[in-house]
Amino acid sequence: MSSEYIKFEGILFPKGYSIKHLKFCRDEFVVKNTDVIVVTYPKSGTNWVIEIISLIHSKGDTTWVQSIPIFERSPWVEVKASQPLLCKKEQNGPRFYSSHLPIWLFPKSYFQSKAKIIYVMRNPKDVIVSLYHFTKVLKCFETAESVSQMIKMFSQGTVPFGSWFDHTCGWLSLRGNENFLILTYEELLQDLWGNVEKICHFLGTKLKEEEVNLVVKNASFSAMKANKMSNYSILPDEIMDHSQGSMLRKGIAGDWKNHFTVAQSEAFDKLFQERMAELDQRLFPWE
Ligand code: A3P
């Protein structure tokens, strides 16, 4: 299944990624102190948080999110085609961009900068289900045959962007740094308002109560699903097979319960305990 992926430093990347660019990205890309970067393992709520920070930036007004595609508002640093966008994005306020890179492949210059990172985590069982469905849609991912196959590959780390456990442990090593904010998908679902306030505080942006209300309203699952600049429906069929599903699929926590057998769930819990036992379990507020 992984034959068409490329490998860099032992990590698989989707078809079409460039090793030369991944090296450039790690060794030469210049992170600026004013950058705001959303970092995630795939399918953890990346686009949701990009939409939230876009709306915070425009104080809840929807003009920007309804006129510019989400992947241009916050381009992917590891995608070569995004580079011109990243260079262009220097005029108005902070530069937003996104990354799925594990910490050890992230631009080195970040570690000498004051740039802000928002790291978003999600229950890995729900990540598996979301990823399983998304492999049918996004053509640079190889289609998974079944949830079982996806659980196996995910557990072994033989999926694009590598092991969830390594990705998460790596990035969580920055917890406590003042320019590093950890959010979880589950907490966003539970209390979007409170989390918008938390993000505003982190970014140093003051919004009035009615502006926070607008951010919450316009970053809802239904608002994003209806916004063609945020739901990826504008991408051509060569990139996404829209007949197989969409980026905004269900938007819930706990969908894994509809897909995992009891044995699969117990085996995954055991693996989770083995790999994450040394971390404070309160970092993982999901069931
Ligand atoms: P599901 O496939 O479980 O529905 P990413 O942006 O990292 O690729 O994550 C995609 C997941 O986030 C999808 O999960 C998608 O539905 C969910 N998502 C995106 N926007 C959301 C929103 N506004 N509210 C809730 N979930 C959202």
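What comes next concerns the included structure. Please read these numbers as outputs of a predicted model, since none were measured by experiment.

## A closer look at the packing of helix H6 (residues 124-137) against helix H7 (residues 147-156)
Any two packed helices are characterised by the angle at which their axes cross and by the distance between the axes.
Next up, step 1: Running from amino to carboxyl end, H6 crosses H7 at an angle of 120°, the nearest separation of the two axes being 9 Å. Judged on the interaxial angle alone, H7 and H6 are oblique. You can see that H6 and H7 cross each other, and the crossing is right-handed. The residues of H7 that touch H6, namely those facing Pro 124, Val 127, Ile 128, Leu 131, Tyr 132 and Thr 135, are Val 147, Met 150, Ile 151 and Phe 154.

## Re the pairing of strand S6 (residues 180-184)
Next up, step 1: Across the five residues that make up S6, a large majority, four, are buried.
Next up, step 2: When strand S5 (residues 116-121) meets S6, the two strands line up parallel, connected through five bridges. Its bridge partner being in S6, Val 120 is matched across the sheet by Leu 183.

## Describing the site of the ligand
Next up, step 1: Around the ligand, a shell composed of 18 residues is seen, among which Thr 46, Ser 130, Tyr 185, Lys 250 and Gly 251 lie nearest.
Next up, step 2: The contact in question runs from a nitrogen atom of the ligand to an N or O atom on the side chain of Tyr 185, over 2.7 Å.
Next up, step 3: Separating an oxygen atom of the ligand from a backbone N or O atom of Lys 250 is a distance of 2.7 Å.
Next up, step 4: Taking 570 Å² as the accessible area of the ligand by itself, protein coverage stands at 98%.
Next up, step 5: Of all the secondary structure elements, the ones that give two or more residues to the shell around the ligand are helix H2 (46-57) and helix H12 (221-226).

## As for H7
Next up, step 1: Taken together, the buried positions of H7 are Val 147, Gln 149, Met 150, Ile 151, Met 153 and Phe 154.
Next up, step 2: Buried residues along H7 sit in contact with H6, helix H8 (164-172) and helix H13 (262-276).
Next up, step 3: After H7 finishes, the residue Gly 157 shows a positive phi value of roughly 80°.

## Here we look at the packing of aromatic side chains
Next up, step 1: Per the stated rule, a full pass over the model turns up 25 aromatic pairs.
Next up, step 2: Each member of the aromatic cluster is reached from another via a ring pair, and the members are Tyr 41, Phe 154, Trp 164, Phe 165, Trp 256, Phe 260, Phe 268, Phe 272, Phe 284 and Trp 286.
Next up, step 3: The lysine or arginine in question, Lys 43, covers the ring of Phe 134, its NZ or CZ lying 3.4 Å from the ring centre.
Next up, step 4: The aromatic ring of Trp 256 is capped on one face by Lys 125, whose charged end is 3.8 Å from the ring centroid.

## Brief notes about helix H1 (residues 19-27)
Next up, step 1: Three or more residues of H1 are buried, namely His 21, Leu 22, Cys 25 and Arg 26. Taken around the axis of H1, the buried residues stretch over an arc of 135°, which confines them to a single face.
Next up, step 2: Check the buried side of H1 and you find it contacts strand S1 (6-8), strand S2 (11-13) and helix H5 (83-88).
Next up, step 3: The backbone nitrogen of Lys 20 lies 3.3 Å from a side-chain oxygen of the residue at the head of H1, namely Ser 18.

## Let's talk about the pairing of strand S3 (residues 36-40)
Next up, step 1: For S3, the buried fraction is high: five of the five residues fall into the buried class.
Next up, step 2: Judged by which residues are buried, S3 turns out to be covered on both faces: Val 36, Val 38 and Thr 40 on one side and Ile 37 and Val 39 on the other are all buried.
Next up, step 3: When S3 meets strand S4 (residues 96-99), the two strands line up parallel, connected through four bridges. Bridging from a neighbouring strand, Ile 37 pairs with Tyr 97 of S4.
Next up, step 4: Note that S3 and S5 share five bridges and pair parallel. Residue pairing for S5: Val 39 is matched across the bridge by Tyr 119.

## A closer look at the pattern of salt bridges
Next up, step 1: A complete count under the given rule lists twelve salt bridges for this structure.
Next up, step 2: As a salt-bridge pair, Asp 280 and Arg 282 come within 2.9 Å of each other at their nearest N and O atoms.
Next up, step 3: Overall, the relative accessible area of 71% leaves Arg 282 in the exposed class.
Next up, step 4: Connected through shared salt-bridge partners, Glu 9, Arg 26, Asp 27 and Lys 108 make up one network.

Rules behind the numbers
Residues numbered from 1 in each chain as written. Predicted model: local features only at pLDDT ≥ 70, side-chain atom pairs only at ≥ 80, totals over all residues. Heavy atoms only, no water. Axes fitted to C-alpha atoms, helices over the stretch in contact; angles between N-to-C directions. Helix = DSSP H or I, 4+ residues; strand = E, 2+ residues; numbered from the N terminus. Parallel < 35°, antiparallel > 145°, perpendicular 65-115°, else oblique. Left-handed = near helix turned anticlockwise from the far one by under 90°. Contact = heavy atoms within 4.5 Å. Buried < 20%, exposed > 50% of the residue type's maximum accessible area, 1.4 Å probe, protein only. Pairing = 2+ DSSP bridges. Near = heavy atom within 4 Å. Polar contact = N/O pair within 3.5 Å; in protein donor to acceptor, adjacent residues only side chain to side chain. Areas by Shrake-Rupley, 256 points an atom, 1.4 Å probe, with all protein chains shown as cover. Phe/Tyr/Trp six-rings, centres within 6.5 Å; stacked < 30°, edge-to-face > 60°. Lys NZ or Arg CZ within 6 Å of the ring centre and 35° of its normal. Arc of directions from axis to C-beta. Salt bridge = Lys/Arg side-chain N within 4 Å of Asp/Glu carboxyl O.

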